[in-house]
Amino acid sequence: MCGVIGYVGGGAGPSFFLNALRRLEYRGYDSAGIAMLTPDGVAIERAEGKLSQLEKKLDKLPASAKVGIGHTRWATHGKPTENNAHPHRSGPIVLLHNGIIENYRQLKEDLTARGYKFLSETDTEVAAHLLHDEYLRQKSGSPEERLRSALRSAVRQLKGAFAFGIICTDTPETLFAAKLGSPLVIGQADGESYMASGITALVEHTRQFLVVEDHEIVMLKPDGISVESFEGKPVSRPFSKVEWSVSMMEKGGYRHFMLKEIHEHPIAIAQTLNGRIERDSGRINLADLGVAKLPLGNLQRVQIVACGTSYYAALLSKYFIENHAKIPVEVDLASEYRYRTSTVNAQTLVIAVSQSGETADTLQAVKSARANGAQTLAVVNVPGSTIAHNCHAESLTKAGPEIGVASTKAFAAQVTALYLLGLALAQERQTLGQAGLSMLMDELVKIPSLVEKALGLSESIEKLANRYQQNTSLLFIGRGPQWPVALEGSLKLKELSYIHAEAYAAGELKHGPIALIDENMTVVCLAPRDSYYEKTVSNIEEIKARGGRILAVGQENDAHLLDLADDFIGIPECSETIQPFMTTVPLHLLAYWIAVRKGTDVDQPRNLAKSVTVE
Ligand code: G6P
């Protein structure tokens, strides 16, 4: 899951490539490289480490070039060294890659036998040599025609996943791309064409995008592009417009993207609700929600597949979808689901939840469900993403671009979209009377302003963070919908601050984790006044009786909880429907401030990537 970019046009300097790569750094950040093609030949600079290391070498690149490519890497084959950084060169061909070439060993042996020397440990270098080899075999046509034909032949020999950006010293005004399995978009502006792993890299240059599909090769020139299949059949598809803006991708005065994005919970929720609730008629607008074409009334069950934070949003939605729509909901980790025996049919709705819309496991899970006859729905945040492309219907979460690697506002938007979907199902299945439906809609529209109030807790949580930064381990507990929130809080803490954290359904405490409780263990207890409150408070008493330290998150006027807890975070008064949105905010802030205190890399935690396009 690397980030790739490419440019062809009147001329771009090294800073263009660096800036575009910065927008993709969320995809991987262990090494990077840029290649620029000028009449004097190709200039390549690569560096180990983050983009700031490559930035130190920019003055070695030409001031401007009409064609160029760039790459930011998340290592799969070969350590994150300069030597393994992309692009890789073979004769006149310079190539970079996002994905994995699964049959690289066999190809490497063949190419080595044919005299090719390998300078890196990557699977990608195989593709560069293979393309070069195929290029040399083409005997007729212009260099451009020969390269196209060589590319068609090379990609058909590759197994695995790839999005390639390719330049060639023999074709100084053309950029080539090919895709199978890894995301790739093409952008078009006046006299310039671009390619990238995601629209975020290009939004400051164009809003006109075309999503490249699997088995497609693209030839980009300044004044236009042409697309063909791996078999050489021409493909024609219109560009579409994306409404994201550059300011949405800036820090806007915040110290980190993550803090900005936590503060965007309310707007992410509001935008996701916008246009989907018709308060006058008391109905959910199915067309705006993107589900008008799905047979919601005839479904027998729902399966939700997702990874990471998206999985916790899905787990949370099980509670309210089952409650309101009276339909069984199973929630699966996509990485497990894709290898299980499928039991879906046309009355099963399989929902893929994904911020990026690119996660490889989620994509495969939903593809397999569709192939087995299920109705499929993508709940994604990035418009035009691959998962959306592969589902019958798409429901956007509308959180706007999320840059921090740890997902925050997208979680809030996902829970909102899934809530709306639960109500849409209830509406079509007639499981809630009109009064019930209207009451819940009224609740949903209150959420953004209440969450805004909860953000006021930031300062006090910053102070609390001092107390917890030395902890080596924390437990999180919650019951009912607060259990998935606890899971989300513990994931956020471990990924940002590298402190071990685990979450349990509070009722499970006595089945094992209670053995961990002593005076060194802090338990973050989620206990808003909900239907499970008394039971959760009993669990808190059990922890206290064993000397554990309690950090309680509850309703702000809960004197009893305040008394029980060592530390207390009080969320504003709200109904049970709204509580999970409210308790999420302090947990995101707690993880953020502890990480800041510890001095870890908040927006790009070690070993992680935002979009995981490898298995
Ligand atoms: C990665 C990210 C997480 C994210 C997960 C699923 O692990 O670091 O923040 O929750 O992928 O990503 P998706 O884009 O499918 O929601």
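Residues numbered from 1 in each chain as written. Predicted model: local features only at pLDDT ≥ 70, side-chain atom pairs only at ≥ 80, totals over all residues. Heavy atoms only, no water.

## Some remarks on the pairing of strand E4 (residues 65-73)
The cut-off we apply is this: Each residue is assigned to one of three classes by its accessible area relative to the maximum for its type, calculated with a 1.4 Å probe on protein chains only: buried under 20%, partly exposed between the two thresholds, exposed over 50%. Each helix is a run of DSSP H or I of at least 4 residues and each strand a run of E of at least 2, with the numbering of both proceeding from the N terminus. Any two strands between which DSSP finds at least two bridges are classified as paired.
In terms of burial, E4 is largely enclosed, as 8 of its 9 residues are buried. Where strand E1 (residues 3-12) lies against E4, 7 bridges are found, and the strand directions are antiparallel. Bridge assignment links Ile-5 to a residue of E4, and that residue is Gly-70. Here 7 bridges tie strand E2 (residues 31-38) to E4, and the two strands are oriented antiparallel to one another. In the sheet register, Ala-35 faces E4, and the bridge partner there is Ile-69.

## Some details on helix H17 (residues 533-545)
What counts, and what does not: For a helix, the expected span equals 1.5 Å multiplied by the number of residues minus one. Arc definition: directions from the helix axis to the C-beta atoms. A contact between two residues is defined here by any heavy atoms of the two lying within 4.5 Å.
The end-to-end C-alpha separation of H17 is 18 Å, in line with the 18 Å expected for 13 residues at 1.5 Å each. Within H17, the full set of buried residues consists of Tyr-533, Thr-536, Val-537, Asn-539, Ile-540 and Ile-543. The buried residues of H17 occupy an angular sector of 155° when the element is viewed end-on, so they sit on one face. Exposed residues on H17 whose side chains face more than 90 degrees from its buried face are Glu-534, Lys-535 and Ala-545. Those residues of H17 that are buried lie in contact with strand E23 (473-478), strand E25 (522-526), strand E26 (549-555) and helix H18 (559-564). The first or second residue beyond H17 is Gly-547, which carries a positive phi of 85°.

## Description of unusual backbone geometry
The omega torsion of the bond from His-86 to Pro-87 falls at 0°, within 30 degrees of zero and hence cis. Of note in the backbone geometry, Lys-326 takes a positive phi value of approximately 50° without being a glycine. Here Lys-326 is to be found in the loop between helix H9 (308-325) and strand E19 (329-333). Positive phi outside glycine occurs at Tyr-498, with the angle close to 60°. Position of Tyr-498 relative to the elements: it lies in the loop between helix H16 (482-497) and strand E24 (500-505).

## Details of the environment of Ala-178
As for its placement among the helices and strands, Ala-178 is situated in strand E8 (residues 175-180). The buried category is assigned to Ala-178, whose relative accessible area is 0%. Separated by 111 residues in the primary sequence, Ala-178 and Leu-289 place their C-alpha atoms 33 Å from one another. Contact partners of Ala-178, with chain neighbours within four places excluded, come to Leu-151, Val-155, Phe-162, Ala-163, Phe-164, Leu-184, Glu-216 and Ile-217.

## Observations regarding the domain arrangement of the chain
How we decide: All domain edges in this entry derive from an automatic or database-based domain assignment. Accessible area that two parts lose when put together, evaluated with a 1.4 Å probe and summed over both, is termed the buried area. When a carboxyl oxygen of Asp or Glu lies within 4 Å of a side-chain nitrogen of Lys or Arg, that pair is called a salt bridge. A 3.5 Å cut-off defines polar contacts: any pair of N or O atoms within that distance qualifies, except that in protein one atom must be a possible hydrogen donor and the other a possible acceptor, and neighbouring residues in sequence count only when both atoms are side-chain atoms.
Taken domain by domain, the chain holds domain 1 (3-247), domain 2 (250-432) and domain 3 (456-598). If you look at the interface, domain 2 gives 22 residues, while domain 3 gives 23 residues. Counting the surface lost from both domain 2 and domain 3, the interface buries some 1,900 Å², and carbon and sulfur atoms represent 77% of this. Linking domain 2 to domain 3 there are 0 salt bridges. For the pair domain 2 and domain 3, the number of links is 5 residue pairs in polar contact (both at pLDDT 80 or more). Where the side of domain 2 that touches domain 3 is concerned, the elements lending two or more residues are helix H6 (257-263), helix H7 (265-273), H9 and helix H13 (409-429). Among the elements that line the side of domain 2 that touches domain 3, the one with the most residues is H9, at 6 residues.

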